[in-house]
Amino acid sequence: MIATHHIFILSALLLSVGVFMLLTKRNAILILMGLELILNAANLNLIAFNQRYADALAGEAMAVFVIVLAVCEAAVGVAIILQAYRHYATAVPDQISELKDPA
Amino acid sequence: MSAADYFFYGWCLVMVAGLWAMAVSKKLIHAALGLLSCLVALAGIYALLSAELLAVIQLMVYAGGVLVLILFGIMLTGRLSDKPMRIESRNVAVGSVIAAGLFITLIVFVGPAFLSVTSTGSPGSLRTLSLALFSEYTLAFELAGVLLLISLIAGAVIASSRQS
């Protein structure tokens, strides 16, 4: 069977790339993608470690709920990015620095 | 190495290629394609871990739903005055150091705890997971459905409201 520590290394890589995208990218959509990567890293760990316990399914059930939350986050996030783009005509979070109307 | 191992490392290669595309590409569409390959590779790994339901959910919800949402976002915000937008990065050095430090810390300090763990693979997990979702986790499952409905309505309202 697949060695669990290899899966752990893979999910650590997913998490690191997600954090890298959160920290460096100057585009709201890419930051959203980084968030999805981080959630997927957690999901991979949940499912991989669930394989140790053949009769308990808490990890896989938790992974289902994580996926549901990720969909909610993506839907609301894309809507907010669209509205901010209409309002400020930019998708670069650095340029959205105030809540009132741009002068 | 068994056949499952070869498939696993193949999916790993696909995922690393996707992660690379997301981390360095200058075009939003290329990053989205990288995300797609990551999500499909994850679905393949879930199937290898005998979590078939999760693999199907991953393909349908992530590769089919979230990615299409993100593509809509890219198409609606991607260009400004007919000029395709190029992605800029800032603080690349600091970000790389933090991400690499996180990765190395996880591998060096947390990873050894899992060296002895081997996956056994749970037989018939589709049936047992479905039974668990509708018996033990029914309340959480229904609440997750309600949350999904609320957030989709909220997304539609936020995206469609225009200031007069």
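Residues numbered from 1 in each chain as written. Chains lettered and ligands numbered in written order. Predicted model: local features only at pLDDT ≥ 70, side-chain atom pairs only at ≥ 80, totals over all residues. Heavy atoms only, no water.

Visitor: Would you mind going over the overall build of chain A with me for this structure?
Guide: Check the secondary structure of chain A and you find three helices and zero strands. For chain A, the N- to C-terminal ordering of α and β elements is α-α-α. Relative to the compact-globule value of 13 Å for 103 residues, chain A shows a C-alpha radius of gyration of 18 Å, a clear excess of over 25%. Dimensions of chain A along its principal axes, counting C-alpha atoms only, are 60 × 25 × 15 Å. Expressed as a percentage of its 103 residues, the buried residues of chain A come to 63%. Long-range pairs, those at least 24 residues apart, make up 48% of the contacts in chain A between residues at least 6 apart in sequence. (Helix = DSSP H or I, 4+ residues; strand = E, 2+ residues; numbered from the N terminus. Rg over C-alpha atoms; globule rule 2.2 N^0.38 Å. Buried < 20%, exposed > 50% of the residue type's maximum accessible area, 1.4 Å probe, protein only. Contact = heavy atoms within 4.5 Å.)

Visitor: Just checking my understanding: could you explain unusual backbone geometry for this structure?
Guide: A negative phi holds for most residues other than glycine; trans holds for most peptide bonds. Residue and element names in this part refer to chain B. Here Ser-50, not a glycine, exhibits a phi torsion of approximately 55 degrees, which is positive. Its identity is not glycine, yet Asn-91 carries a phi of approximately 55 degrees, on the positive side. Among the structural elements, Asn-91 can be located in the loop between strand 2 (83-84) and helix 4 (92-110).

Visitor: Can you help me understand the domain arrangement of chain B in this one?
Guide: A common measure of how large an interface is: the accessible area buried when the components associate. All names here are of chain B. Domain parsing of chain B yields domain 1 (3-89) and domain 2 (124-164). The straight-line distance from the C-alpha centre of domain 1 to that of domain 2 is 22 Å. Overall, the association of domain 1 and domain 2 removes approximately 310 Å² of surface from exposure, summing both partners, and the carbon and sulfur fraction of that is 71%. Area buried by domain 1 at its contact with domain 2 is led by Ser-50, Glu-52 and Leu-53, which between them contribute 84% of it. (Domains from an automatic or database assignment. Buried area = accessible area lost by both parts, 1.4 Å probe.)

Visitor: Looking at this structure, how should I read the packing of helix 2 (residues 28-50) of chain A against helix 2 (residues 28-48) of chain B?
Guide: Geometrically, a packed helix pair is captured by the angle between its two axes and the distance between the axes. Where helix 2 of chain A contacts helix 2 of chain B, the axes come no closer than 11 Å and their chain directions differ by 10 degrees. One way to sum up the angle between helix 2 of chain A and helix 2 of chain B is to call them roughly parallel. Of the residues in helix 2 of chain B, those in contact with Ile-29, Leu-30, Met-33, Leu-37, Asn-40, Asn-43, Leu-44 and Ile-47 of chain A of helix 2 of chain A are Leu-28, Ala-31, Ala-32, Leu-35, Cys-38, Leu-39, Leu-42, Ile-45 and Tyr-46 of chain B. Class assignment for the residues of the contact of helix 2 of chain A with helix 2 of chain B results in 15 nonpolar, two polar and no charged. (Axes fitted to C-alpha atoms, helices over the stretch in contact; angles between N-to-C directions. Parallel < 35°, antiparallel > 145°, perpendicular 65-115°, else oblique. Nonpolar A, V, L, I, M, F, W, Y, C, P; charged D, E, K, R; others polar.)

Visitor: Would you mind showing me how to read the packing of helix 2 of chain B against helix 3 (residues 52-77) of chain B here?
Guide: Residues and elements named next belong to chain B. Contact pair helix 2 / helix 3: the axes reach a minimum separation of 9 Å and the direction vectors enclose 170 degrees. What the angle tells us is that helix 2 and helix 3 run roughly antiparallel. Residues Leu-28, Ile-29, Ala-32, Leu-35, Leu-36, Leu-39, Val-40, Leu-42, Ala-43, Tyr-46 and Ala-47 of helix 2 lie in contact with helix 3, whose contacting residues are Leu-54, Ala-55, Gln-58, Leu-59, Tyr-62, Ala-63, Leu-67, Ile-70, Leu-71 and Ile-74. In terms of residue class, the contact of helix 2 with helix 3 is built from 20 nonpolar, one polar and no charged.

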